[in-house]
Amino acid sequence: MNAVPAASPEWPWPDSLDALIAAPNHHRLLFENERVRVLDVLIRPGQLVPVHTHKWPGVIYVQSASDFIRRDGEGKVIFDSRAAGVPQIAPVVQWLPPLPPHSVENIGGADIHLFSVELKEPHAE
């Protein structure tokens, strides 16, 4: 018997918060089809990426890293790389779940440059 994929909950945030719409100066579309979306993300030192979302989980390839602060949609700090105790090194590959409204501020002295492969298809249980 085939497993039936679990029903995915509706994404509660508007499409206007999608990274390509809400933060186009930092997210560039490289490829998209019905299964994946590939983004080139660049955040220069001192830049603040406006509040945006990432609807799908994915794999990110961090080409260059720097210290950063991630805030939720209301501006509350939810992650500060300096407090993590792990140096920001690149290259590295990481898994990210869907991300609700957040902003990112590059507080270091180097570019944050990454490639994100977002997986649009629901996974089978």
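Parameters at a glance
Residues numbered from 1 in each chain as written. Predicted model: local features only at pLDDT ≥ 70, side-chain atom pairs only at ≥ 80, totals over all residues. Heavy atoms only, no water. Patch = residues over 30% accessible without salt bridge, like charges linked within 9 Å, V, L, I, M, F, W, Y side chains within 5 Å. Areas by Shrake-Rupley, 256 points an atom, 1.4 Å probe, with all protein chains shown as cover. Salt bridge = Lys/Arg side-chain N within 4 Å of Asp/Glu carboxyl O. Helix = DSSP H or I, 4+ residues; strand = E, 2+ residues; numbered from the N terminus. Pairing = 2+ DSSP bridges. Axes fitted to C-alpha atoms, helices over the stretch in contact; angles between N-to-C directions. Buried < 20%, exposed > 50% of the residue type's maximum accessible area, 1.4 Å probe, protein only.

### What about a nonpolar patch on the surface?
Taken together, the side chains of Val 59, Tyr 61, Val 93, Trp 95, Val 117 and Leu 119 present a nonpolar region at the surface, about 520 Å² in accessible area. Of all the secondary structure elements, the ones that give two or more residues to the nonpolar patch are β4 (58-64), β7 (92-96) and β9 (112-119). Residue position: Val 93 is located in strand β7.

### Quick word on the sheet that holds strand β8 (residues 99-106)
Taken together, the four strands give an open sheet; going across it, the order is β3-β8-β5-β6, and neighbouring strands pair in antiparallel fashion. Whereas interior strands pair on both sides, the edge strands pair on one side only; in this sheet they are β3 (48-54) and β6 (77-80). Across the sheet, the axes of successive neighbouring strands diverge by a mean angle of 25°, strand direction being ignored.

### Observations concerning the sheet that holds β7
Paired through their backbone hydrogen bonds, the strands of a sheet run either parallel or antiparallel. The five strands lie next to each other as β1-β2-β9-β4-β7, forming an open sheet whose pairing is antiparallel. Both edges of this open sheet fall to β1 (27-32) and β7, since each of them pairs with a single strand only. Taking the axes of each pair of neighbouring strands and ignoring which way they run, one obtains an average angle of 20° across the sheet. In this structure, strand β2 (residues 36-43) lies alongside β9, joined through eight bridges in antiparallel fashion. Of the residues in β9, the one forming a bridge with Val 36 is Leu 119.

### Quick notes on the pairing of β1
Pairing analysis gives five bridges linking β1 to β2, with the strands arranged antiparallel. Within β2, the position partnered with His 27 by the bridge is Val 41. Taking the residues that link successive antiparallel strands as the turn, the β1-β2 hairpin has three residues.

### Examining the pattern of salt bridges
Scanning the entire structure with this criterion turns up seven salt bridges. Among the ionic pairs, Arg 37 bridges to Asp 18, the shortest N-O distance being 3.0 Å. Highlighted residues: Arg 37 in strand β2 and Asp 18 in the segment before α1 (19-22), separated in sequence by 19 residues. Across this residue pair, the class does not change: Arg 37 and Asp 18 are buried. For Asp 111, the salt bridge identified is with Arg 44, shortest N-O distance 2.5 Å.

Remember that the coordinates give geometry; whether it matters functionally is a separate question.
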